[in-house]
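# Coordinate inspection notes
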Amino acid sequence: MDDNYDLVVIGAGPAGEVAAELAAVFGRKVLIVERNTPGGVVTTTGGAPTKALREAALYLTGYRQEEVYGVRAAAPLEAVMPTLGARIEHVRDVLQEAVAHRLAARGIAYLQGTARLDADRTVHITSPDGLAREVTAHAVLIATGSRPMHYPGIPFDDPDVYDSDTIYSLRTVPKHIVIVGGGPIGVEFATVFTALGIPATLISNSDRLLPNIDGELAGLAADEFRRRGVQLVLGAGANKVSRVDGRLTVRLSTGTVLAGDAVLFAAGRAPNTEGLGLEPAGVRLDARGRIVVDRYYRTTAPGIYAAGDVVKPGLASNAMQQGRAAAAHACGLVFGVEIDQTASSAVYGLPEVAGVGATEEQIQATGIPYAVGRCNLAVTPRGAIAGHGGLLKLIFRADDRKLLGVHCFGDIASEVVGLGHVVLQLGGRVELFLTLALNTPTYSYAYHDATVDGLTQLTKLMGIADSRGTGDAAQ
Ligand SMILES: Cc1cc2nc3c(=O)[nH]c(=O)nc-3n(C[C@H](O)[C@H](O)[C@H](O)COP(=O)(O)OP(=O)(O)OC[C@H]3O[C@@H](n4cnc5c(N)ncnc54)[C@H](O)[C@@H]3O)c2cc1C
Ligand SMILES: NC(=O)c1ccc[n+]([C@@H]2O[C@H](COP(=O)([O-])OP(=O)(O)OC[C@H]3O[C@@H](n4cnc5c(N)ncnc54)[C@H](O)[C@@H]3O)[C@@H](O)[C@H]2O)c1
């Protein structure tokens, strides 16, 4: 292997993989260094294993079948657990092999090892067997991701205190699990444990679940999770976890003490910057320990870029956009620098909550006149067939009906918002949905009904009483 590259990428997660791919597609000589397995957190402990667990739990326990069909074909939990584990392993293997295959197919050199920077963009790599080597590069991308945040007072060395990395090694089926953190990780695990029949208490120091999601949907989600058996404790921080008489206790800021057999701490993530030699290399961190970058994902050191969770822990989708933008700039490509600025996210609770664009609270804060169209998914043909409800909410500007935000709560909300995402990106108006002959029965058909409702709300907002425009204000 020649030791000089156009681009050396540290970390083969979503940000690193797509950056390497883009550079290779444009003929650049690329090396990717990964200390663990190709695919990053998405394949090890993140999106894919959590959603594989969720999918398998739904299938094997027949969760929510009873309310629709009156029967629930469920296997006992002890029998289900090994199958869940095997399924997660299988999904991991498939995805890690797929990433390794894509990298190899594009001619990207791959080295397993831990990388560290030196001055003049030299990268030191220590392989698992202790061998060291050095490579140089025209540009280096740091895409080392993040890890669960650990706090003082939380004994992560206790075998029954878990974070989102270690939860897969759960020793026994707990009689009751306490989950700290009302963000996506806490919500996803709390609803999956509940589906598995394991009582779960979810604690958040915020007054609402999922602070980044539209407030109306977050409220609906909280109500639904409670109805399905998740114990929610909001507005209370977990300060201390201890073992008392063999059981774990969680002390809350309100003074309440909760007991459980297992605790999952899911209260944010910290960027992986340690041991990278960032300071001597001239790469500056902010007060929260995240790498400082400009709009091209350049760090403060010439020729060194950073992208993904190491810049700000977030979503795989955003990490990939940033990785591409960084690689495009590093390779001198004039396109591809622009990244999707439309905030989009999905939380795979049971059911899912997803949104793209502005939330209603964000729009209210701007003072822009707006209208909202809603559709109850339960009365759409697809919802009636499934026996499941939910909400599609379209928010648009009153003056020109330009779409501002799309939010959904329901079975496949993460997929449903995709259509709205495209219209938002194109700057479309809400009535565009009426021009589409959307398939039915689909949940997406709800865009029609939500649009009609939204236009009806708009006429009320404008004081137009009926279709002839003879509203009170006009008289
Ligand atoms: C439980 C959970 C569920 C999630 N679910 C979703 C979801 O449903 N949808 C979504 O969009 N996002 C989800 N995320 C977030 C998503 O996983 C991250 O945003 C994404 O993985 C970030 O990608 P990345 O490439 O920046 O970093 P990572 O995926 O963390 O990859 C970084 C890689 O760098 C390697 N590395 C670190 N240091 C070094 C070093 N010194 N030398 C060599 N290699 C190194 C690591 O081993 C790792 O493989 C979830 C996260 C978690 C924890
Ligand atoms: N479906 C998805 O896209 C998905 C799924 C899982 C994780 N992720 C990503 O992974 C990252 C980490 O997720 P997360 O849920 O751990 O973090 P988060 O920062 O999104 O949420 C953590 C929550 O925990 C609360 N909290 C913090 N400390 C607490 C304490 N001591 N007691 C009680 N509550 C406390 C916070 O108020 C916050 O609401 C995020 O960037 C997230 O976007 C995404």
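Heads up: the structure comes first, above all this text.
Overview of the structure. (Residues numbered from 1 in each chain as written. Chains lettered and ligands numbered in written order. Predicted model: local features only at pLDDT ≥ 70, side-chain atom pairs only at ≥ 80, totals over all residues. Heavy atoms only, no water.)

## Things to note about the site of ligand 2
Taken together, 26 residues lie near ligand 2, and Glu188, Asn205, Ala238, Gly268 and Ala346 sit nearest. Within the contact set of ligand 2, a nitrogen atom lies 2.6 Å away from a backbone nitrogen or oxygen of Ala346. In the complex, 77% of the free accessible area of ligand 2, which totals 840 Å², lies under the protein chains. When contributions to the shell around ligand 2 are tallied by element, the ones reaching two or more residues are helix H6 (184–195), strand E10 (200–204) and strand E18 (344–347). The greatest single-element share of the shell around ligand 2, amounting to three residues, is contributed by H6. For the shell around ligand 2, the class distribution of residues is 14 nonpolar, nine polar and three charged. (Near = heavy atom within 4 Å. Polar contact = N/O pair within 3.5 Å; in protein donor to acceptor, adjacent residues only side chain to side chain. Areas by Shrake-Rupley, 256 points an atom, 1.4 Å probe, with all protein chains shown as cover. Helix = DSSP H or I, 4+ residues; strand = E, 2+ residues; numbered from the N terminus. Nonpolar A, V, L, I, M, F, W, Y, C, P; charged D, E, K, R; others polar.)

## Here we look at the pairing of strand E12 (residues 238–244)
Pairing geometry for E12 and strand E13 (residues 247–252), over six bridges, is antiparallel. Residue pairing in the sheet places Val244 in a bridge with Arg247 of E13. Linking two consecutive strands that pair antiparallel, namely E12 and E13, is a turn of two residues; a positive phi of about 50 degrees is found at Asp245 within it. (Pairing = 2+ DSSP bridges.)

## Remarks on empty space enclosed by the protein
All chains considered together, the criterion is met by two cavities of 30 Å³ or more. A volume near 50 Å³ is recorded for the largest cavity. Along its surface, the largest cavity is lined by Pro148, Met149, Asp163, Ser164, Ile185, Phe265, Ala266, Ala267, Gly268 and Arg269. Its residues assigned to classes, the lining of the largest cavity shows six nonpolar, two polar and two charged. When its volume is computed, the second largest cavity comes out at roughly 40 Å³. What lines the second largest cavity is simply Thr50, Leu53, Arg54, Glu188, Phe189, Val192 and Tyr348. When the residues that make up the lining of the second largest cavity are grouped by side-chain class, the tally is four nonpolar, one polar and two charged. (1 Å grid on protein atoms, 1.4 Å probe; cavity = no way out; pocket = protein on both sides within 12 Å on 5 of 7 lines; lining within 4 Å. Points joined across faces, edges and corners; volume = space filled by probe spheres on them.)

## Side note on the pattern of salt bridges
According to the stated counting rule, one finds 24 salt bridges in the structure shown. The shortest N-O distance in the salt bridge between Arg147 and Glu274 comes to 3.1 Å. Taken together, the residues span a long stretch of sequence, with Arg147 in strand E7 (residues 146–148) and Glu274 in the loop between strand E16 (269–271) and helix H8 (278–281) at a distance of 127 residues. Given a relative accessible area of 31%, Arg147 falls into the partly exposed group. Asp294 is the salt-bridge partner of Arg298, the closest N and O atoms lying 2.8 Å from each other. Take Asp294: its relative accessible area is 29%, and that puts it in the partly exposed class. Counted as one network, the salt bridges with shared partners bring together Arg64, Glu67, Glu224, Arg227, Arg228 and Asp411. (Salt bridge = Lys/Arg side-chain N within 4 Å of Asp/Glu carboxyl O. Buried < 20%, exposed > 50% of the residue type's maximum accessible area, 1.4 Å probe, protein only.)

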